[in-house]
Amino acid sequence: MSFLTGTTYNAEEKIWSGPKYKQIYSPKMTVGEAIVLQLRKTPKKVIQILESTGESLTAEDFLDHSMSLAKTLLDMGLTAGDIVGGYAKHSLHLGTIMLASFLCGIPVHGVFQSFEKETIASIYDTTRPKLIFCDEENYENALYALESRKLDAKIVLMTGDIPGVLNIKDLVKKRSDIPDLSEFPCAKLCSADTAAILSSSGTTGTPKGILCSHEAMLHNYLYLTVNSDSVMMCFSSMYWSTGILNFVQSLLFSALRIVPDRPYTPDYFFDMVERYKITHCYATPSQIIDWVTNHNKDRVRKALRSIDTLFSGGTNIPQSIQDQIIELLSDNKKCPGFAMGYGTSEIFIAATVNGGYPFKYKPQTEGQLWPNREICIVGENGERLGPNEKGEIYVHSTHTWLGYYKNPNATAQAKDGKWTRTGDLGYIDDEGYLHLMGRTKEIIKWLSFQISPQAVEEVLQRLPGVGHVCVFGVPDVASINLVACGIVRSQDEAGEKLTVDMVHEYIKKEMDGLYLLRGGVYFLDSLPRTDTGKVQRMKMLQVIEEIDR
């Protein structure tokens, strides 16, 4: 596929547009059909290796398991439009249930495998799946959701064994009565129908079910340089859009996908990249920050030598960290290296991308627009703003987004005509690069000023001794709010020596007076985070109040 780069601006409509390209799949094509047609071209190619055991699957093996499971699901009475729950970590057959669900027209609603039972019950009370695929270790939580919400569902174990409970091993056995591809329910669907249900981040409450179309899944790639010789890896489970994209793209290109089925650790990650010569992988910002700040640079450089594209996104990576990871990837001079994406699950990942072939890289920005995306910046009164004017970021994708599952109110709040509200503040500069300033609800109002906590965090992250930082507002009668910060020290000599006075002096030196930390500096053992790892800024007040008691 040929991608163009850049951002164009329509001054009359005040809309920025990314490159335009034609869809390579027809409006009638579904993800399941596209994957089957591709894998049938390369039947003997190994496309999956389970890391812990080394067990491999060829394209033919994978199709046999997936199509057999699809036929079994139909025999169990599931029909197109039903929903199954994915509450499981990576394993041999997690991908199998994804392809089987695509073939049956039965969306998988993936949830984070470490969610607590009340969260699981609340999520599945909305989508009410007919099957819940889970691991032995979270079986009791799945059973609680089923019983407490009176779900008409069965539980299937992906790993482990429990007497009397269905096991995936029994459902994927090769069958001789597999129908032709055209006879599966997916053939009667179209590209605009729902392929999967994603979960929102959960930073504002119980995660919402985001409907993801076949169209969006087929025409959005995590990496732009993948081919059949690529080796891909992603620790994100099918709860994450990055996990699903990594999985789907590997199959659409018959690339080799390494399945990491043990918990993430930096050493485990580095070891796998070296052993399998990984070319394309996704890593979270917190993982990359940890590599740069807490690990031997030579070790990281050597481990990442095979990388073609390292993609990251979801939250901010300080510029100083970006500079260092780009340098650590520079040994592979023929490859594009590091890419940062900004976007939302509602538009199925990226709205902009910074770096990575064929996109340009500009420090201190979120990059230029992804192909087939549009952005406008909207002011407080609903007016569209021009270059360098700060407001809420609205995005539009040419690919169908059907809203939130059974949540018309949330859908209506997220949409404004063709536009999707992101809830993020920012602006686009004269060169077409997006600058992010934070969430609309997180902006700190001090006197008559609006302060972006991310701007202060970016500066503090450059101070030696700062491992992780969260800036937040402390209510004040006279000033509305005072700017404060919580810091987790880095695990080195600089972290041991870091003091409150050093933090204050650094901010005073590096930033204007309105950014002074009048609300205080607090050293913490950890920052409050969601189950999925995002910092909960709104809980910082509660954390420091407990410290002061």
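Just above, that's the structure.
Conventions adopted
Residues numbered from 1 in each chain as written. Predicted model: local features only at pLDDT ≥ 70, side-chain atom pairs only at ≥ 80, totals over all residues. Heavy atoms only, no water. Helix = DSSP H or I, 4+ residues; strand = E, 2+ residues; numbered from the N terminus. Rg over C-alpha atoms; globule rule 2.2 N^0.38 Å. Buried < 20%, exposed > 50% of the residue type's maximum accessible area, 1.4 Å probe, protein only. Lys, Arg positive; Asp, Glu negative; His and termini not counted. Charge placed at Lys NZ, Arg CZ, Asp CG, Glu CD. Expected span 1.5 Å × (residues − 1). Pairing = 2+ DSSP bridges. Contact = heavy atoms within 4.5 Å. Axes fitted to C-alpha atoms, helices over the stretch in contact; angles between N-to-C directions. 1 Å grid on protein atoms, 1.4 Å probe; cavity = no way out; pocket = protein on both sides within 12 Å on 5 of 7 lines; lining within 4 Å. Points joined across faces, edges and corners; volume = space filled by probe spheres on them. Nonpolar A, V, L, I, M, F, W, Y, C, P; charged D, E, K, R; others polar.

**Some details on the overall build of the protein**
Looking only at helices and strands, one finds 17 helices and 30 strands in the protein. Radius of gyration (C-alpha) of the protein: 24 Å, near the 24 Å computed for a compact globule of 549 residues. Seen through its C-alpha atoms, the protein measures out along the principal axes to roughly 75 × 55 × 50 Å. Residues classed as buried in the protein amount to 59% of the 549 residues present. A distance of 3 Å separates the average location of the 56 positive side-chain charges in the protein from that of its 65 negative side-chain charges.

**Quick notes on helix 2 (residues 59–75)**
Given 3.6 residues per helical turn, the α-helix brings residues three or four places apart onto the same face. Counted at 1.5 Å a residue, the expected span for helix 2 with its 17 residues is 24 Å, and the 24 Å between its end C-alpha atoms agrees. Those residues of helix 2 not exposed but buried are Ala 59, Phe 62, Leu 63, Ser 66, Met 67, Ser 68, Leu 69, Ala 70, Lys 71, Thr 72 and Leu 73. Among the residues trailing helix 2, Gly 77 stands out with phi positive, at a value near 100°.

**Regarding unusual backbone geometry**
Apart from glycine, the bulk of residues carry a negative phi angle, and the bulk of peptide bonds sit in the trans form. Backbone geometry places Ile 349, a non-glycine residue, at a positive phi of 90°. Along the polypeptide, Ile 349 turns up in strand 17 (residues 349–354). Even without being a glycine, Gln 364 presents a positive backbone phi close to 65°. Looking at where Gln 364 falls in the secondary structure, it is placed in the loop between strand 17 and strand 18 (368–369).

**Some words on the sheet that holds strand 16 (residues 337–344)**
Reading across from one edge, 4-3-13-12-14-15-16-17-18 is the order of the 9 strands in this open sheet, with mixed pairing throughout. Sheet topology places strand 4 (56–58) and strand 18 at the edges, where each strand pairs with a single neighbour. As judged from the 3 bridges shared by strand 14 (residues 280–282) and strand 15 (residues 309–313), these two strands associate in the parallel manner. Its bridge partner being in strand 15, Tyr 282 is matched across the sheet by Phe 311. Of the strands in this sheet, strand 3 (46–50), strand 12 (231–234), strand 13 (256–259), strand 14 and strand 17 are in contact with helix 8 (residues 241–252), which crosses strand 12 at around 160°.

**As for empty space enclosed by the protein**
Tallied over the full model, the rule gives 3 cavities of 30 Å³ or more. Taken as a whole, the largest cavity spans an internal volume of roughly 60 Å³. Size it by volume and the second largest cavity reaches roughly 40 Å³. Taken together, the residues that form the lining of the second largest cavity break down as 6 nonpolar, 3 polar and no charged.

**As for the environment of Leu 151**
Checked against the element boundaries, Leu 151 lands in the loop between helix 5 (139–148) and strand 8 (154–157). Classification of Leu 151 by relative accessible area gives buried; the value is 7%. In this structure, the C-alpha to C-alpha distance between Leu 151 and Ala 88, residues 63 residues apart in sequence, is 18 Å. Contacts of Leu 151, omitting those with residues within four sequence positions, involve Tyr 124, Arg 128, Pro 129, Ile 132, Ala 145 and Leu 146.

Coordinates in, geometry out; function isn't part of it.
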